[in-house]
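Spelled out, the chains give:
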Amino acid sequence: MIRISTIFIAICMVLVAASLGLVLYSVAGISGSESAIVALTALTFLILYNAVSMRLRDRTDVGSQIADLSRGTADLARQVAEFGRRLAAVEGRVVSANSAGADRIQAVVGEINELGTLVKQLAASVASHDDMLTSGVAAAAPAGKPDNDSPKAESHKGTESQKGLEPPKGMAFAAEDTGAAPATGAPSLVAEKPAASRSEAQILATVRNAVEQNRIDIYLQPMVTLPQRKVRFYEAVTRLRDDRDEIITADHFVGIAEAAGLIGRIDHMVMLRCVQVLRRLMVRNKEVGVFCNVAAATLGDPATFAQCLDFLEANRALAPSFVLEFKQATFRRLGPIETEHLAALAQRGYRFSIDHVTDLRIEPRELADRGVRFIKVPAALLLDPKQASTSDIHASDLSDLLGRFGIDLIAERIEGERAVVDLLDYDVRFGQGFLFAPPRPLRPEGASATGGAPANKAQESNGASNAPSSGSGKAAALESPALEPQRTTGNAALARRAVGPG
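Residues numbered from 1 in each chain as written. Predicted model: local features only at pLDDT ≥ 70, side-chain atom pairs only at ≥ 80, totals over all residues. Heavy atoms only, no water.

1. Considerations on the pairing of strand E2 (residues 231-241)
And then number 1: Of all the 11 residues making up E2, 10 are buried; the element is thus mostly covered by neighbouring parts of the structure.
And then number 2: The sheet contact formed by strand E1 (residues 216-225) and E2 spans nine bridges and is antiparallel. The residue of E2 that forms the bridge with Pro222 is Tyr234.
And then number 3: What sits between E1 and E2 in their antiparallel hairpin is a turn of five residues, with Arg229 showing a positive phi close to 60°.
And then number 4: Examined bridge by bridge, E2 and strand E4 (residues 289-293) share four bridges and lie parallel to one another. Bridge pairing links Tyr234 to Val290 in E4. (Buried < 20%, exposed > 50% of the residue type's maximum accessible area, 1.4 Å probe, protein only. Helix = DSSP H or I, 4+ residues; strand = E, 2+ residues; numbered from the N terminus. Pairing = 2+ DSSP bridges.)

Next comes the structure, spelled out in structure tokens:
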């Protein structure tokens, strides 16, 4: 079609030019040569005009084609990008699914290994108890009256002879297997009775001597994640020793020390020890943290608080892992001085925890604004159905409410597996209590925690016979688990018989 139209246009142009020359020759009387020149000139102009017009028309067509091609290329690029995004999303989901599957497999393998270890420990414990029962029956059969060598007499003699000493390794909680209430070790059991019978003057004198002679001990109790039961934090619990190395718990001396103005010095010494412990803990695990209790009197005394603040300022690099703990009553009675001191600590990056919670009337927004990041509530209080009528929120919703403001809920004083199951329904992520591990004393050098001080050879051999035979038990005998957070078992008796805190 293009060639036909071109030929037709050429014929037309020749006819037009010839007609023009003929008209000039016949009508205007111009000579034939001149008419031919005019005709050729007209033909030339017509040819040029046709060439230019065809070039312009071709350029317009090419431009529209290029524009169409550009739009098509852009659409293709968008489609390729969309396909790439979808492919990346699919790959991400595949990778996450694979990693999640691998994590589940690893968790299952870990649980199976723990169950195997527990079975071995339980078998060793049952065999040990069977031997003890057999030897006890054989010894009691020929005896006609109580003998000083009977198991009961031995336990009393051991208690009297071990006053001021830590229990031997592997036997720290042998008494608890019979159903006795959980304890923090033989010294605590021995010392609580004398402490309760002492007068305030005697306790005050003991506190003064303990402060002057540095008889302040630190016990560590782990806080574990639920349901994994992996140690995440430690709470430092303060104990005092008198001249006979009998242990006095905080419940007996804190009030008297506050009244005498000594609690500030005790808190300062405890902070120093806690920071030392935290530094050693973080050598092995950067994610571990330590909770340190601070009394209301220390927070409200400008002179004592200034010393503590200078010390904490010098160690503010540890602020993310060093949590200062206050009572609920302290936060409810904050004055201008206490509020200013809390703000100074929060400004330096320190986080706060609330314990001794007596009710669930909690304002999470206000607490979060003050720097509170943890709240420790007794498990019995969380599971008490009567709290639903006395608090503004149901206990099962408390963890979610606190989480919206960046506060973690810790259930403390957990002593049974049933409580753990109920707390998991409440979405509680941290737990603390004798079910996992009781407070354990630090070794004298303060480098680690242990189940007891050195004892005589007979006690060591007896403790070794009762210790678990697994590899984890051997590691615990060498160094404290408190310096290496690990998974805790769900068996209360085995957890309490373990050597060292955690």
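2. With respect to the pattern of salt bridges
And then number 1: Here the structure, examined in full by the defined rule, presents 20 salt bridges.
And then number 2: With a closest N to O distance of 2.4 Å, Arg429 and Asp408 form a salt bridge. Of this pair, Arg429 sits in the loop between helix H16 (417-425) and strand E9 (430-431) while Asp408 sits in strand E8 (residues 408-412), placing them 21 residues apart in sequence.
And then number 3: By relative accessible area, which is 46% here, Arg429 ends up partly exposed.
And then number 4: Looking at Asp408, the relative accessible area reads 18%, which means it is buried.
And then number 5: In the salt-bridge network here, residues are joined through shared partners; they are Arg215, Asp217, Arg241 and Asp245. (Salt bridge = Lys/Arg side-chain N within 4 Å of Asp/Glu carboxyl O.)

3. Here's the deal with the side chain of Gln432
And then number 1: Note on placement: Gln432 falls in the loop between E9 and strand E10 (440-441).
And then number 2: Side-chain polar atoms of Gln432 contact the side chain of Gln221, separated by 3.2 Å.
And then number 3: Filtering out sequence-adjacent residues up to four positions away, Gln432 remains in contact with Gln221, Pro222, Met223, Glu235, Lys376, Ala411, Glu412, Arg413 and Ile414. (Polar contact = N/O pair within 3.5 Å; in protein donor to acceptor, adjacent residues only side chain to side chain. Contact = heavy atoms within 4.5 Å.)

4. Some remarks on helix H6 (residues 250-260)
Along an α-helix, residues three or four apart share an orientation, since each turn contains 3.6 residues.
And then number 1: Within H6, burial applies to Phe253, Ile256 and Ala257. Buried residues in H6, looked at end-on, bunch into an arc of 105°, giving them a common side. Facing away from the buried side of H6 by more than 90 degrees, the exposed set consists of Asp251 and Ala259.
And then number 2: Along its buried surface, H6 packs onto helix H5 (200-212), E2, strand E3 (247-249) and helix H7 (263-284).
And then number 3: Just beyond H6, the residue with positive phi is Gly261, at close to 75°. (Arc of directions from axis to C-beta.)

5. Here's the deal with the packing of helix H9 (residues 302-314) against helix H11 (residues 336-347)
And then number 1: Here H9 crosses H11 at 5°, and the two axes come no closer than 11 Å. In this view, H9 runs roughly parallel relative to H11, as classed from their interaxial angle. In contact with Pro302, Phe305, Leu309 and Leu312 of H9, H11 contributes His341, Ala344 and Leu345. (Axes fitted to C-alpha atoms, helices over the stretch in contact; angles between N-to-C directions. Parallel < 35°, antiparallel > 145°, perpendicular 65-115°, else oblique.)

6. A closer look at the nonpolar core
And then number 1: Judged by nonpolar contacts, the single largest core of 78 residues is most densely connected at Val207, Phe322, Leu324, Phe331, Ile375, Leu382 and Ile414.
And then number 2: Here the element with the most residues in this core is H7; it accounts for 10 residues.
And then number 3: If we ignore the near neighbours within four places in the chain, the residues touching Phe322 are Met271, Cys274, Val275, Leu278, Val290, Cys292, Leu312, Tyr350 and Arg351.
And then number 4: Counting seven residues, the second largest nonpolar core, distinct from the first, contains Phe291, Phe374, Ile410 and Phe430. (Core = buried A, V, L, I, M, F, W, Y, C linked by side-chain atoms within 4.5 Å.)

7. What about the environment of Cys274?
And then number 1: Turning to its location among the elements, Cys274 is positioned in helix H7.
And then number 2: Cys274 sits 56 residues away from Ile218 along the chain, and the two C-alpha atoms are 8.0 Å apart.

8. Details of the confidence of the model for the protein
And then number 1: Summary statistics for the protein give a mean pLDDT of 76 and a share of 75% for residues scoring 70 or more.
And then number 2: Note that pLDDT drops below 50 for residues 142-193; the model gives that stretch 81 contacts with residues more than four away or on any other chain.
And then number 3: Counting interchain partners and residues more than four positions distant, the pLDDT-below-50 stretch residues 445-502 has 132 contacts. (pLDDT = per-residue confidence, 0-100.)

9. A short note on unusual backbone geometry
And then number 1: Of the consecutive residues Leu226 and Pro227, the connecting peptide bond is found in the cis state with omega at 5°.
And then number 2: Looking at the element boundaries, Pro227 is found in the loop between E1 and E2.
And then number 3: A positive phi angle is found at Asp245, which is not glycine, with a value near 65°.
And then number 4: Although it is not a glycine, Arg413 sits at a positive phi angle of roughly 60°.
And then number 5: Counting through the fold element by element, Arg413 comes out in the loop between E8 and H16.

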